[in-house]
Amino acid sequence: MTRSILDNDLYKFTMQMAVLELFPDARAEYRFINRGGQSFTDEFVNELRRTIDEDISKMALSEDESIWLKDNCPFFKPSYIEYLKNFRFDPEEVKIILTEENELELCIDGPWHSSILWEIVLMSTISELYFTIVHNEGEGISATNCVETETALMDDYGTFIGEMGRELDSNGCVFSEFGTRRRRGFKLHDKVIEVLHKLDSFSGTSNVYFAKKYGVRPIGTIGHEWIMGNSALVGLRNANKFAFDNWVKVYKGDLSIALSDTFGSKPFFRNFNLGLAKLYDGVRHDSGDPIKFADEVIEHYKKLGIDPMKKVLVFSDSLHVSDAVKLKEYCSGRINCSFGIGTTLTNNSDFFSYNPPLNMVIKLHKIDGIPVVKLSDSVEKATGDKDALRVANYIFGRKGLDD
């Protein structure tokens, strides 16, 4: 299911290097959150445990992969690539429980610099195992025709995704693929990139393995956990600024797209000052009303005396093709925009309407024993300890302590 240590999102590796450089002794705890409420089975848990212990733990960076990283990701320092050569996943960092109600509980606990790589690998494994074991789409298919059935599914899905890609292409929507974490399976993911990488408007993929395989650009900068971690290790009220400043210390202006919604967009704009706005190439939207946010970003740049047409706004919040086309038209002539499209490409709920993708996340929960939170611009995306959420909402002026 995971064929290489590079079968992961680029931003996990870029954050790993930053953690190693600035917070090498920090310890992290992550937790699995199943928003969809699906049930799991003993067979599923046993196979997940076996996959972690026997397969994922043995993955290592090959010499060929190391050379490719050096040639295609110049922002990685030689010392980090040497670290990655010696990196191995530690299965003891992952604890799994199946409750009496058949709910999956999963916790990752270990040094931040090592535990940081588990999130995407585990989510993609959980998703593929779920559709293989819990809801097996091949149920009732005989061994003699299962290969033909799988081939037909792949071909049909490739045609389906190709139509979506051509619509994006014809409307001038520059887009990248962000769908590793909730993909239906590795092979289906491979088919998606095989189809899309031929399009002019396809700018790359967050998955480093497929970027290497298809000769496209690996896409990614930071995730919410970088800002959440900085909030505990440096300070909460101005965590956005601390996180963005620390990112510059490591990458010196490379990988400069600022993620905007960790604690809501208002605290972000308060911290996104003239220096940061000039240094960073643009901003990524990941929750809340994208039209409203586009207006706010454009206005913010104008107030700072910056031409928005010299910046880029990246949309990445549960996008469908129609969303991207609409947003492209809205931003035209006002600010450059691009799109990071995830589950819509790798596990499309329209194509698989009879058995839609899992609505799950794995989120950073604590750093050095300190609870961290994500507030978001969408209420349903808020995660973290109840009391920590209460304090953060108060500090950022979103709610009173007793609300």
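Reading guide: rules and limits
- Residues numbered from 1 in each chain as written.
- Predicted model: local features only at pLDDT ≥ 70, side-chain atom pairs only at ≥ 80, totals over all residues.
- Heavy atoms only, no water.
- UniProt positions renumbered as here; feature names shortened; annotations may be inferred.
- Helix = DSSP H or I, 4+ residues; strand = E, 2+ residues; numbered from the N terminus.
- Rg over C-alpha atoms; globule rule 2.2 N^0.38 Å.
- Contact = heavy atoms within 4.5 Å.
- Areas by Shrake-Rupley, 256 points an atom, 1.4 Å probe, with all protein chains shown as cover.
- pLDDT = per-residue confidence, 0-100.
- Pairing = 2+ DSSP bridges.
- Axes fitted to C-alpha atoms, helices over the stretch in contact; angles between N-to-C directions.
- Buried < 20%, exposed > 50% of the residue type's maximum accessible area, 1.4 Å probe, protein only.
- Disulfide = S-S within 2.5 Å.
- Phe/Tyr/Trp six-rings, centres within 6.5 Å; stacked < 30°, edge-to-face > 60°.
- Lys NZ or Arg CZ within 6 Å of the ring centre and 35° of its normal.
- Arc of directions from axis to C-beta.
- Salt bridge = Lys/Arg side-chain N within 4 Å of Asp/Glu carboxyl O.

- Identification of the protein as Nicotinate phosphoribosyltransferase from Methanococcoides seepicolus is taken from an unreviewed UniProt entry.
- In its Catalytic activity (unreviewed entry) section, the UniProt record describing the protein reads: "5-phospho-alpha-D-ribose 1-diphosphate + nicotinate + ATP + H2O = nicotinate beta-D-ribonucleotide + ADP + phosphate + diphosphate".

Comments concerning the overall build of the protein
Okay, step 1: Per the secondary structure count, the protein includes 17 helices and 11 strands.
Okay, step 2: Taken against the 2.2 N^0.38 rule, which gives 22 Å for 403 residues, the C-alpha radius of gyration of the protein at 21 Å falls within 12% of a compact globule.
Okay, step 3: Based on the C-alpha atoms only, the size of the protein along its principal axes is roughly 65 × 50 × 50 Å.
Okay, step 4: Considering only contacts in the protein between residues 6 or more positions apart, those separated by 24 or more positions represent 77%.
Okay, step 5: When the accessible area of the protein is evaluated, it comes to approximately 17100 Å², of which 48% is carbon and sulfur surface.

Section: the confidence of the model for the protein
Okay, step 1: Residues at a pLDDT of 70 or more form 97% of the protein, whose mean pLDDT is 95.
Okay, step 2: Here residues 138-145 is a poorly scored stretch, pLDDT under 50, and it has 2 contacts once near neighbours within four places are set aside; other chains count.

Describing the sheet that holds strand 1 (residues 27-34)
Strands belonging to one sheet form pairs held by backbone hydrogen bonds; the direction of such a pair is parallel or antiparallel.
Okay, step 1: Strand order in this open sheet of 5 strands is 2-3-1-10-11, and the pairing throughout is antiparallel. Sheet topology places strand 2 (94-98) and strand 11 (370-371) at the edges, where each strand pairs with a single neighbour.
Okay, step 2: In this structure, strand 1 lies alongside strand 10 (residues 360-367), joined through 7 bridges in antiparallel fashion. The partner of Asn34 across the bridge, within strand 10, is Met360.
Okay, step 3: Across the sheet, helix 2 (residues 42-55) is in contact with strand 2 and strand 3 (104-111); its angle to strand 2 comes to roughly 170°.

Digging into the pairing of strand 1
Okay, step 1: As defined by bridge partners, strand 1 adjoins strand 3 across 5 bridges and the pair is classed as antiparallel. Paired with Tyr30 across the bridge in strand 3 is Ile108.

Notes on unusual backbone geometry
Okay, step 1: In the Ramachandran plot, Lys252 falls in the positive-phi region, its phi being about 55° despite a non-glycine side chain.
Okay, step 2: Positionally, Lys252 belongs in the loop between helix 11 (239-251) and strand 6 (257-259).
Okay, step 3: The phi angle at Leu255 is positive, at roughly 50°, despite the residue not being glycine.
Okay, step 4: According to the relative accessible area criterion, Leu255 is buried, its value standing at 16%.

As for the state of the cysteines
Okay, step 1: What the rule picks out here adds up to 0 disulfides.
Okay, step 2: Cysteine Cys331 remains unbridged, with the sulfur of Cys337 as its closest cysteine sulfur at 4.4 Å.
Okay, step 3: Classification of Cys331 as buried rests on a relative accessible area of 0%.

Overview of the UniProt feature "domain: Nicotinate phosphoribosyltransferase N-terminal" (unreviewed entry) in the protein
Okay, step 1: With numbering matched to this structure, UniProt assigns "domain: Nicotinate phosphoribosyltransferase N-terminal" (unreviewed entry) to residues 6-127.
Okay, step 2: Here residues 6-127 is 49% helix and 17% strand, with 18 Å between the C-alpha atoms at its ends.

Quick look at the packing of aromatic side chains
Okay, step 1: Counting across every chain of the model gives 34 aromatic pairs.
Okay, step 2: With a centroid separation of 5.2 Å and an interplanar angle of 85°, the aromatic rings of Tyr130 and Phe131 are classed as edge-to-face. We note that Tyr130, like Phe131, is buried.
Okay, step 3: Here a set of aromatic residues connected by ring pairs shows up, and it is made of Phe75, Phe76, Tyr80, Tyr83, Phe87, Phe89 and Trp118.
Okay, step 4: Above the plane of the ring of Tyr11 lies Lys12, whose end atom (NZ or CZ) is 5.9 Å from the centre.
Okay, step 5: Above the face of the Phe352 ring, Arg184 is positioned so that its terminal group lies 3.9 Å from the ring centre.

Some thoughts on the sheet that holds strand 7 (residues 282-285)
Okay, step 1: Ordered by their spatial adjacency, 6 strands build an open sheet running 5-4-9-8-7-6, and the pairing between neighbours is parallel. Unpaired on one side and paired on the other, strand 5 (202-205) and strand 6 mark the two borders of the sheet. Sheet twist, expressed as the average angle between the axes of neighbouring strands with direction ignored, equals 25°.

Remarks on the environment of Asn102
Okay, step 1: Mapping Asn102 onto the fold places it in the loop between strand 2 and strand 3.
Okay, step 2: Judged by relative accessible area, Asn102 falls into the partly exposed class, the value being 34%.
Okay, step 3: Excluding residues within four positions of it along the chain, Asn102 makes contact with Gln38, Ser39 and Phe40.

Considerations on helix 3 (residues 63-72)
At 3.6 residues per turn, the α-helix brings residues three or four places apart onto the same side.
Okay, step 1: Those residues of helix 3 that fall on the buried side of the exposure criterion are Glu65, Ser66, Trp68 and Leu69. The arc that holds every buried residue of helix 3, seen down its axis, measures 160°, which confines them to one face.

Overview of the pattern of salt bridges
Okay, step 1: Under the defined criterion, the tally for this structure stands at 23 salt bridges.
Okay, step 2: In this structure, the salt-bridge partner of Arg181 is Glu119, at a minimum N-O distance of 3.1 Å. Here Glu119 lies in helix 6 (residues 118-134) and Arg181 lies in the loop between strand 4 (175-177) and helix 8 (186-196), a separation of 62 residues in the sequence. Neither residue differs from the other here; Arg181 and Glu119 are each classed as buried.
Okay, step 3: Note that Lys191 and Glu194 form a salt bridge whose closest N and O atoms lie 3.5 Å from each other. Of the two residues, Lys191 and Glu194 are both situated in helix 8; the distance of 3 residues between them amounts to about one turn of the helix.
Okay, step 4: Lys191 gets classed as buried once you look at its relative accessible area, which sits at 16%.
Okay, step 5: Accessibility expressed as a relative area gives 31% for Glu194, which makes it partly exposed.
Okay, step 6: Where salt bridges share partners, they join Asp9, Lys12, Glu119, Arg181 and Glu225 into one cluster.

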